[in-house]
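Structure at a glance
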Amino acid sequence: MSFYVVVGAGPVGRETARLLGEEGHDVVLTSRSAGSNALRNVRVVQADATDASELARVCQGADAIFMCAMATYHRWPTDFFPIIDGTVRAAEAVGAKLIVLGNLYGYGENADSPLRSDLPLDPTSKKGTARTIMWQRAVRADVPAIEVRSSDYLGHGAISYFSLVALPSIIDGKPTAFIGDLDATHAWTFTKDVARTLVAASRYAGEWGRAFHVPSQYASPRELIQKTAAMLRREVSEIRSYSTAEMEALGMHELIEMSYLFENPLLVDSSDAEMLLGIKASSLEVMIADTLRDHL
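Attention here is on the structure that accompanies the text. (Residues numbered from 1 in each chain as written. Predicted model: local features only at pLDDT ≥ 70, side-chain atom pairs only at ≥ 80, totals over all residues. Heavy atoms only, no water.)

Overview of the nonpolar core
Using the following cut-off: We call a set of buried Ala, Val, Leu, Ile, Met, Phe, Trp, Tyr and Cys residues a nonpolar core when their side-chain atoms join them within 4.5 Å. Under the scheme applied here, a residue whose accessible area is under 20% of the maximum for its type counts as buried, over 50% as exposed, and between as partly exposed, the area being computed with a 1.4 Å probe on protein chains only. For the purposes of this entry, the term helix denotes a DSSP run of H or I that reaches at least four residues, the term strand denotes a run of E that reaches at least two, and both are numbered from the N terminus. Only heavy atoms matter for contacts: two residues are in contact if any of them lie within 4.5 Å across the pair.
Leu-98, Phe-162 and Phe-178 are the most contacted members of the largest nonpolar core, which has 74 residues in total. With nine residues, helix H3 (residues 76-94) is the largest single contributor of residues to this core. Other than its neighbours up to four places away in sequence, Phe-178 contacts Tyr-161, Phe-162, Val-165, Ala-166, Trp-188, Pro-221, Ile-225, Arg-240, Ser-241, Tyr-242 and Phe-262. Membership of the second largest hydrophobic core comes to 32 residues, among which are Val-12, Val-148, Val-194 and Ala-200.

A short note on the sheet that holds strand E7 (residues 152-154)
Keep this limit in mind: Here, strands pair whenever DSSP counts at least two bridges between them. Fitted lines through C-alpha atoms give the axes, limited to the stretch in contact for helices. The angle between two N-to-C directions lies from 0 to 180 degrees.
With mixed pairing, three strands are arranged side by side in an open sheet as E7-E9-E11. At either end of the open sheet lies a strand with only one pairing partner, and these are E7 and strand E11 (217-219). For this sheet the average axis-to-axis angle between neighbouring strands, irrespective of direction, equals 45°. Here E7 runs beside strand E9 (residues 186-190); their pairing, made up of three bridges, is parallel. Residue Tyr-153 lies in a different strand from E9, and its bridge partner there is Thr-189. Across the sheet, helix H11 (residues 284-291) touches E7, E9 and E11, and the angle it forms with E9 is around 60°.

Comments concerning the sheet that holds strand E1 (residues 3-7)
Taking strand neighbours across the sheet as the criterion, the seven strands line up as E3-E2-E1-E4-E5-E6-E10 in an open arrangement whose pairing is parallel. Two strands close off the open sheet at either side, each with one partner strand: strand E3 (42-46) and strand E10 (210-213). Taking the axes of each pair of neighbouring strands and ignoring which way they run, one obtains an average angle of 20° across the sheet. Relative to E3, strand E2 (residues 26-31) runs parallel, the two sharing five bridges. Following the sheet pairing, Thr-30 is matched in E3 by Val-45. Seen against the sheet, helix H1 (residues 11-22) touches E1, E2, E3, strand E4 (64-67) and strand E5 (97-103) and runs at an angle of roughly 165° to E2. Seen against the sheet, helix H6 (residues 191-201) touches E4, E5, strand E6 (145-150) and E10 and runs at an angle of roughly 160° to E6.

Overview of H1
Put simply, the rule reads: By this rule the span expected of a helix is its residue count minus one, scaled by 1.5 Å.
Here H1 contains twelve residues, and its C-alpha end-to-end distance of 16 Å stays within 8% of the 16 Å for a straight helix at 1.5 Å per residue. Directly after H1, the chain includes Gly-24, whose backbone phi takes a positive value near 95°.

A closer look at the packing of helix H7 (residues 221-232) against H11
To keep things clear, this is the line we draw: Roughly parallel means an angle under 35 degrees; roughly antiparallel, over 145; roughly perpendicular, 65 to 115; everything else is oblique. For a crossing to be left-handed, the near helix must be turned anticlockwise from the far one by less than a right angle; the clockwise case is right-handed. Gly counts as polar in this scheme, as do all residues outside two lists: the nonpolar Ala, Val, Leu, Ile, Met, Phe, Trp, Tyr, Cys and Pro, and the charged Asp, Glu, Lys and Arg.
Running from N to C, H7 and H11 cross one another at 60°; their axes reach a closest spacing of 10 Å. Judged by the inter-axis angle, H7 sits oblique to H11. The chirality of how H7 crosses H11 is right-handed. Residue-level contacts link Leu-224, Lys-227, Thr-228 and Met-231 of H7 to Leu-284, Glu-285, Ile-288 and Ala-289 of H11. In the contact of H7 with H11, the residues fall into five nonpolar, one polar and two charged.

Side note on the packing of aromatic side chains
Basically, it comes down to this: Stacked, tilted and edge-to-face pairs are distinguished by plane angle, under 30 degrees for stacked and over 60 for edge-to-face with tilted covering the rest, among Phe, Tyr and Trp rings (Trp via its six-membered ring) whose centres lie within 6.5 Å.
Counted according to the given criterion, the structure contains ten aromatic pairs. For the pair Phe-162 and Trp-188, a centre-to-centre distance of 6.0 Å together with 65° between the ring planes defines the contact as edge-to-face. With a gap of 26 residues between them, Phe-162 in helix H5 (residues 161-171) and Trp-188 in strand E9 connect regions that are remote in the sequence. Note on Phe-162: relative accessible area 3%, which makes it buried. By relative accessible area, Trp-188 is classed as buried at 0%.

A look at the pattern of salt bridges
Rules: Basic side-chain nitrogens of Lys or Arg form a salt bridge, by our definition, when they fall within 4 Å of a carboxyl oxygen of Asp or Glu.
Counted according to the given criterion, the structure contains 19 salt bridges. With a shortest N-O distance of 2.3 Å, Glu-254 and Lys-127 are connected by a salt bridge. Of the two residues, Glu-254 sits in helix H9 (residues 253-258) while Lys-127 sits in helix H4 (residues 126-139), which places them 127 residues apart along the sequence. Under the relative-accessibility criterion, Glu-254 is labelled partly exposed at 26%. One connected set of salt bridges, linked through shared partners, spans Lys-127, Glu-254 and Glu-257.

Put into C-alpha cells, the structure is as follows:
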C-alpha cells in the first residue's frame, strides 16, 4: 500500500482521502483547520500549506500529494500563490508526485467550445490568471505533476454559484434568480466525481505535465433549478436572471467577473479522462440528491 497526503479538507479533499483510505492506503488529510475525522486509514494533521518545511515534514515518504486546498474566493490572486508554492516545494523536498485540483477559468472567455484539456490557457479574468499561474508553477516543478480541472460544483457541502445564489431560494420555495443566460447548456461537476478523477489521475501511466477534465453532466441553469425544485417538491414561481446593475448593487462583484461562463453554452470534452482514466460522470439526479442531502 502507498502513502498519500491530501492538502485541503473541503468536500473534494475529504472525499479523495476517503477513497484512498478505503483502498487500504495510509492517508494524511491536512489543512489549517482540518476538523474531526472518522475516515478509515486517514489521519488528520493540522498544517499550513504555505509553510513548505512544515508540509514537507508531514509529507515525508509520500508517494503523491493531492493539492485540493482552496483560498477565499475574492483573494485568489493573492492567497493562492503561497499555497501552491508551499505545496510544490514540499513535493520536491520529499520526491512526491503532485496532483493539482483546478478548474476551467484559465481557458478564458475566448476559448472554443467544447473545451479540450490540451487547449492553451488564455485567461481573461483575475481568477483565471491566478489558476493559470498556479498550474505553471506546478508543471515546472522537479516532480511529475497533473492537473484535474472541473466545472461548477454540485455535491454535499460544495460552495458554488448555484449553491450560493440559487439554492437558498429553491429550498425556501421562493422566486429564484441566477446569472447569465438561463437557457444556455452548462457543465456541472459532481464533487465525488472530482475525487475519483484525482485518484485515477494519480495512477496515470502516460506522460505527466498534462491536464484532465472531470466528466460532467449538462443542464441549463433553468433546468437545474427546476429539477432541484422538483426533487424537493417545491414550486418555484419565478426564475429570472440578475442584471449586472443588480449584481453590483448586491455586492456580487466576483460573479460579475466570471459571469461569461454562464452567458453562452459551456461544454467540456472529458473523453481523455473517460478513456484513459476510466471515469464516467454520475447522473445529474445523483448530483442533485447529494447536494440536497440535508434537505431531503
